[in-house]
Amino acid sequence: MDNVRPRVRTPRSASAGDVATIKTLISHPMESGQRKDSQGNTIPRQIINRFTCDFNGENVIDVTMEPAISTNPYFEFEVKIPESGDFQFTWYDDDGSVYEETKSVEVS
Amino acid sequence: MKFKTMTAAAALALVTPAMLAADPDAKLVVNGQIEMTTETEAPEHLDGLRTIRSGWTFRTEETQSLQMDDFDNPAMIFVDEARDAWYAKDGAADQSCASCHEDPESLRGLRAELPKWNEEAGKVYTAEMYVNECRTERMEAEPWGWDSQEMKNMTALISSVSRGMTVDVQIDGPVRETWERGKEIYYTRYGQLELACATCHEENYDMNIRADHLSQGHINGFPTYRLKQANLVSMHNRFNGCIRDTRGVPYEIGSEDFVALELYVASRGNGLSVEGPAVRN
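Residues numbered from 1 in each chain as written. Chains lettered and ligands numbered in written order. Predicted model: local features only at pLDDT ≥ 70, side-chain atom pairs only at ≥ 80, totals over all residues. Heavy atoms only, no water.

S.K.: Outline the pairing of strand 8 (residues 98–107) of chain A, supporting the account with residue identities and numerical values.
M.R.: Residues and elements named next belong to chain A. Of the strand pairs in this sheet, strand 2 (residues 13–14) and strand 8 are connected by two bridges, and their pairing is parallel. For Ser-13, the partnering residue across the bridge sits in strand 8 and is Glu-106. Pairing of strand 7 (residues 85–93) with strand 8 involves eight bridges; the strand directions are antiparallel. Residue Thr-90 lies in a different strand from strand 8, and its bridge partner there is Glu-100. Between strand 7 and strand 8, which pair antiparallel and follow one another directly, the connecting turn spans four residues, one of which, Gly-96, has a positive phi of 95°. (Pairing = 2+ DSSP bridges. Helix = DSSP H or I, 4+ residues; strand = E, 2+ residues; numbered from the N terminus.)

Encoded structure:
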């Protein structure tokens, strides 16, 4: 799908063991499949059905999303950072598209 | 039993005002950097109000906080889209906005004085009119609809680079006639309900109209992200909605009447900060 833009805010640096707040937002219409267009035809469902965050290959959060979630879904969660590494964020679209974003964090 | 009811009533009385509005002394600072003026003395031409208050001061704490960080502000998604459009070439002349204006930041200050007199065109120009003039005259591209997504995104981008600057719309000189027309519309009662803009936003602001907490109706936060629409809303769309709610027949979006009203309403907010794209309910 076009015009989908993931946005993520993570800390650039942290101390080992710090708990950081991660914010993620993705622009997406999240069409529920319940609505009709002006001609009365059902608009087919198209939502992001899954969101995951991994840190250095280890899963942090794995969310199953349902049609009642509103447009531009936003997730905020906390994560403990044990070491330097990369956050991998992945969103899965109903149409098979996968949107990805990576962020590095430096542990001093 | 009676005691219980009373405490419940007392608790309700305490809770209700807090639900209506956030802390009146709250300060609006965006990204911890841009300090906004949300309350100030009314401009001289405005007799009906002593102090003017940004729509932000009428919203709940949750809505207020959305505007205080660009990551939390859903409108910034659309600003990002406009930033892409800014650098994308379009039209027969093979030009983008950036071809003439370089970065969007070069337009800093523009939003604070819009709408303003365009000497060449001989009339009052809004952001939408400037954008479309660039598109048709210089880029030789199709104009965008006044209320189209592309246009709202672009005006939000243009507004975002002026955030924190003081609204300073000229009301004298060649714009005077248009401004007077806008003022006339503002104080005219429309629709079956016979409501003028002033009925709600000047005489009864800070009151509740059913579940809605009435603001003073300034437009310094436009285009604004409305949670209700989950999208940006243009000034004229909001004007249209207000007149429709009076059960009247609104002027056309983009019409000279609404341009005049935009000029007048903007001038009522002279002294507040440019907040657009703001977040409202």
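S.K.: Summarise the side chain of B:His213; cite the residues concerned and give the values.
M.R.: All names here are of chain B. Along the chain, His-213 falls in strand 8 (residues 212–213). For His-213, a relative accessible area of 7% translates into the label buried. Only 2.8 Å separates the side chain of His-213 from the side chain of Asp-206, close enough to count as a polar contact. (Buried < 20%, exposed > 50% of the residue type's maximum accessible area, 1.4 Å probe, protein only. Polar contact = N/O pair within 3.5 Å; in protein donor to acceptor, adjacent residues only side chain to side chain.)

S.K.: Can you tell me about the packing of aromatic side chains, naming the residues and giving the values?
M.R.: Ring pairs (aromatic) are described by centroid distance and by the angle formed between their planes. Summed over the entire model, instances satisfying the criterion amount to 17 aromatic pairs over all chains. Residues A:Phe87 and A:Phe89 carry aromatic rings whose centres are separated by 5.9 Å and whose planes lie at 25° to one another, so their mutual orientation is stacked. The structure contains a cluster of three or more aromatic residues connected by ring pairs, namely A:Phe51, A:Phe55, A:Phe75, A:Phe77, A:Phe87, A:Phe89 and A:Trp91. Sitting above the plane of the B:Phe71 ring, A:Arg7 keeps its charged end 5.5 Å from the centroid. The ring of B:Trp144 carries B:Arg135 above its face, with NZ or CZ at 4.1 Å from the centroid. (Phe/Tyr/Trp six-rings, centres within 6.5 Å; stacked < 30°, edge-to-face > 60°. Lys NZ or Arg CZ within 6 Å of the ring centre and 35° of its normal.)

S.K.: Please give an account of the pattern of salt bridges that cites residues and values.
M.R.: Enumeration over the complete set of coordinates arrives at 22 salt bridges over all chains. A:Asp94 serves as the salt-bridge partner of A:Arg45, at 2.8 Å between the closest nitrogen and oxygen. Linking A:Arg45 in the loop between strand 3 (18–26) and strand 4 (48–55) with A:Asp94 in the loop between strand 7 and strand 8, this pair joins segments that are 49 residues apart in sequence. Here A:Arg45 falls in the partly exposed class, since its relative accessible area comes to 39%. Classification of A:Asp94 by relative accessible area gives partly exposed; the value is 30%. Measuring nitrogen to oxygen at the nearest pair gives 4.0 Å for the salt bridge that ties B:Arg238 to B:Asp245. (Salt bridge = Lys/Arg side-chain N within 4 Å of Asp/Glu carboxyl O.)

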